[in-house]
Structure formats: C-alpha cells, structure tokens
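Each chain, letter by letter, is given below.
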Amino acid sequence: MEKVRKHIVFTGRVQGVGFRYHASYAARGLGITGWVQNNPDGSVEMEVEGSEIQINQMLTMIHRDSYIRIDDMDIKNIPLQEQELRFRVRG
C-alpha cells in the first residue's frame, strides 16, 4: 500500500468531546503515525500518515462518535515523514 501524509484541520464541536482521544485510539489501532492537537481558535489540527484506506477508516471512526460534530475538514496532502514511529497527542 502506498503511504500518504495529510494535514487536516477540523472545525465544529471538536474540542472538549474526546476528539483527540478517539483520533489517537483509531490511529494506533490502524497503524497510522502522526499527531493531533487542539488549536486556540477551537479547531483541531492533525497530521496523519498511512494508506488512503487507513486514513479513511480513521476518519470514519472519528465521525461515528456521537459527541463529536465535524462541520468542516480542510485536507491537504503533504510530504511523508517516514522517520515518525507513532501517533501522539500534542498539547
């Protein structure tokens, strides 16, 4: 499977609802590397690296949580960082 890396900014009800926990749990279960953090403007920012299928599965898992409401996702493809070994929560 070809790896990709994406930078994603989520807006909606994404802070104070377990978003970072769910993202981390999903990423680790799927073998995705990267990071997630809350931003001061109320959004959540994430970089994820894995296959398109893995990343789509992760996003589906996050969307399923009833407390999280994602209104918008700004997604950009970015260069791989293959030296990264795990997924972590920042901040």
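Scroll up to find the structure.
Because the structure is a prediction, the values reported are computed rather than measured.

Draft legend 1. Structural context of the packing of aromatic side chains. This structure, assessed with the given rule, holds two aromatic pairs. Positioned above the aromatic ring of Trp35 is the side chain of Arg90, whose terminal nitrogen or guanidinium carbon lies 3.8 Å from the ring centre.

Draft legend 2. Structural view of helix 2 (residues 52-63). With 12 residues, helix 2 should cover 16 Å at 1.5 Å per step; its first-to-last C-alpha distance of 16 Å lies within 8% of that length. Looking only at helix 2, the buried set comprises Gln54, Ile55, Met58, Leu59 and Ile62. On an axial view of helix 2, the arc spanned by its buried residues comes to 135 degrees, and they lie on one face. Against strand 1 (4-13), helix 1 (19-30), strand 3 (44-50), strand 4 (69-78) and strand 5 (87-89) lie the buried residues of helix 2.

Draft legend 3. Geometry of the pattern of salt bridges. Across all of its chains, the model carries seven salt bridges by this definition. Close ionic contact of Arg5 with Glu49 constitutes a salt bridge, the shortest N to O distance being 2.9 Å. With a gap of 44 residues between them, Arg5 in strand 1 and Glu49 in strand 3 connect regions that are remote in the sequence. Between Glu84 and Arg88 there is a salt bridge, with the nearest N and O atoms lying 3.7 Å from each other. For Glu84, a relative accessible area of 14% gives the class buried. Several salt bridges share partner residues, and in doing so they unite Arg5, Glu47, Glu49, Glu84 and Arg88 into one network.

Draft legend 4. The environment of Phe87, seen in detail. In this structure, Phe87 sits in strand 5. Owing to a relative accessible area of 1%, Phe87 belongs among the buried residues under this scheme. Spatially, the C-alpha atoms of Phe87 and Gly31 are 8.5 Å apart, while their sequence positions differ by 56 residues.

Draft legend 5. Representation of the sheet that holds strand 4 within the structure. Taken together, five strands build an open sheet; the order of strands is 4-1-3-2-5 and the sheet is mixed. Where the open sheet ends on each side, the last strands, each with one partner, are strand 4 and strand 5. Across the sheet, the mean angle from the axis of one strand to that of its neighbour is 15 degrees, orientation sign disregarded. Pairing of strand 1 with strand 3, which is carried by seven bridges, proceeds in the antiparallel orientation. What sits directly across from Val9, in strand 3, is Glu45. Against the sheet, helix 2 contacts strand 1, strand 3, strand 4 and strand 5, and its axis sits at roughly 145 degrees relative to strand 3.

Draft legend 6. Representation of the nonpolar core within the structure. Ranked by size, the top nonpolar core spans 21 residues in total, and within it Phe10, Phe19, Met46, Val48, Met58 and Ile62 carry the most contacts. Within the residue set of this core, elements represented by two or more residues are strand 1, helix 1, strand 3 and helix 2. Setting aside its immediate chain neighbours within four residues, Met46 contacts Lys6, His7, Ile8, Phe10, Phe19, Ala23, Trp35, Val36, Met58, Ile62 and Phe87.

Reading the values: the criteria
- Residue indices begin from 1 for each chain and proceed along its sequence in written order.
- A pLDDT threshold of at least 70 governs which residues receive local features in this predicted model, and a stricter bar of 80 or more applies before side-chain atom pairs are shown or counted, although totals over entire chains, interfaces and linings include all residues.
- The side-chain numbers reported here are obtained from all heavy atoms of the structure, hydrogens and water having been left aside.
- Classification of ring pairs rests on two measures: the distance between centres of Phe, Tyr or Trp rings, Trp counted by its six-membered ring, which must be within 6.5 Å, and the angle between planes, read as stacked under 30 degrees, edge-to-face over 60 and tilted in between.
- Counting as a charge over the ring demands two things of the Lys NZ or Arg CZ atom: a distance within 6 Å of the ring centre and an angle within 35 degrees of the ring normal.
- What counts as a helix is a DSSP run of H or I of at least four residues, what counts as a strand is a run of E of at least two, and both are numbered from the N terminus.
- Expected span of a helix: the number of residues minus one, times 1.5 Å.
- Only protein chains enter the accessibility calculation, which uses a 1.4 Å probe; a residue is then buried when its area is under 20% of its type maximum, exposed when over 50%, and partly exposed in between.
- The arc in question is traced by the directions running from the helix axis to the C-beta atoms.
- Whether two residues touch is decided by their heavy atoms; if any such pair falls within 4.5 Å, the residues are in contact.
- Only one rule defines a salt bridge in this text: a Lys or Arg side-chain nitrogen within 4 Å of an Asp or Glu carboxyl oxygen.
- At least two DSSP bridges between two strands are required for those strands to pair.
- Here an angle of 0 to 180 degrees is reported between the N-to-C directions of two axes, which are lines fitted to C-alpha atoms, with helices fitted over the stretch in contact.
- Take the buried residues of types Ala, Val, Leu, Ile, Met, Phe, Trp, Tyr and Cys, join any two whose side-chain atoms come within 4.5 Å, and each joined set is a nonpolar core.

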